[in-house]
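Each chain, letter by letter, is given below.
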Amino acid sequence: MNISFPEPTITPITKPFWNSIEQKKFTLQQCENCEQWIFYPRAHCPHCFGNRLTWREATGKGRLKTWSVVHRAGHPAWQSLTPYAVGIVELEEGPSLLTHLLIREKELRYQLPVEISYHVLNERQLPFFKREEGES
Ligand SMILES: [Zn+2]
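Residues numbered from 1 in each chain as written. Predicted model: local features only at pLDDT ≥ 70, side-chain atom pairs only at ≥ 80, totals over all residues. Heavy atoms only, no water.

Going by what an unreviewed UniProt entry lists, the protein chain is known as OB-fold domain-containing protein and is assigned to Gracilibacillus caseinilyticus.

A. Seen up close, the coordination of the zinc ion. Distances from the zinc ion to its protein donors, C31 (SG), C34 (SG), C45 (SG) and C48 (SG), fall within 2.2 to 2.4 Å. Taken together, the four donor atoms surrounding the zinc ion define angles of 103 to 118° at the centre, an arrangement classified as tetrahedral. When the donors of the zinc ion are listed by position in the chain, the intervening gaps give C-x2-C-x10-C-x2-C. A residue pair is termed long-range when its members are at least 10 positions apart, and C34 in the loop between β1 (27-31) and β2 (37-38) and C48 in the loop between β2 and β3 (53-57) qualify at 14 residues. Here C34 falls in the partly exposed class, since its relative accessible area comes to 30%. Taking relative accessible area as the criterion, C48 reaches 27% and is therefore assigned partly exposed. (Donors = N, O, S within 2.8 Å, 3.2 Å for Na, K, Ca; no water. Tetrahedral: all angles 85-135°; square planar, octahedral: opposite > 155°, others 65-115°. Helix = DSSP H or I, 4+ residues; strand = E, 2+ residues; numbered from the N terminus. Buried < 20%, exposed > 50% of the residue type's maximum accessible area, 1.4 Å probe, protein only.)

B. The pattern of salt bridges, seen in detail. The tally for this structure, following the rule as stated, stands at seven salt bridges. Linking K61 and E132 is a salt bridge whose minimum nitrogen-to-oxygen distance equals 3.5 Å. Here K61, found in strand β4 (residues 61-70), pairs with E132, found in the segment after β8 (124-131); they are 71 residues apart in sequence, far enough to count as distant. Each of R104, E107 and R131 takes part in a single network of salt bridges with overlapping partners. (Salt bridge = Lys/Arg side-chain N within 4 Å of Asp/Glu carboxyl O.)

C. Summary view of the nonpolar core. Grouped together as the largest cluster of nonpolar side chains are 29 residues, with contacts concentrated most on I21, F26, W78, V89, L91, L101 and F129. Going through the elements one at a time, α1 (15-22), β4, α2 (76-79), β5 (84-91), β6 (96-101), β7 (113-121) and β8 are the ones with two or more residues in this core. When residues of this core are assigned to domains, at least three fall in each of domain 1 (9-58) and domain 2 (59-136). Setting aside anything within four residues of it in sequence, one finds F26 in contact with F17, I21, R56, E57, A58, G60, L91, L97, I116 and Y118. (Core = buried A, V, L, I, M, F, W, Y, C linked by side-chain atoms within 4.5 Å. Domains from an automatic or database assignment. Contact = heavy atoms within 4.5 Å.)

D. Fine view of the environment of T82. Mapped onto the secondary structure, T82 falls in the loop between α2 and β5. The exposure class of T82 is partly exposed, given its relative accessible area of 22%. Note: C-alpha distance between T82 and E132 (50 residues apart in sequence) is 22 Å. If near-sequence neighbours (up to four positions away) are discounted, T82 is found in contact with V70, H71, R72 and A73. Engagement of the side chain of T82 in a polar contact is seen with the backbone oxygen of Q79, the distance being 2.7 Å. (Polar contact = N/O pair within 3.5 Å; in protein donor to acceptor, adjacent residues only side chain to side chain.)

Structure below.
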């Protein structure tokens, strides 16, 4: 049986993020007023409420803050990939994001350096995070 994976929900505010991901570029909004980096995408800066937010390329690197190993997926398509890990990555730029981790369970540890890794699913590039290359 071939069950398709659920698509990301794309809105006018998150569209620039997904357009960049399609080109394997990791971008975040940065506030022109207070210079804070922002994720998830939104219309106003959560720090100063300014509305001059600019999309800029980010490092795609961060550290693992917390994680969970999934044995029973919330969607049948993901069930074929279990067990897999999801976690919160604190990006070098400051914001944290929830992501699918391409890291073996026994290698998961607090503050593990991670970086973005792009993979095609349903003919769409999707962002995952893996161990940072060269990190021991
Ligand atoms: Zn701001």
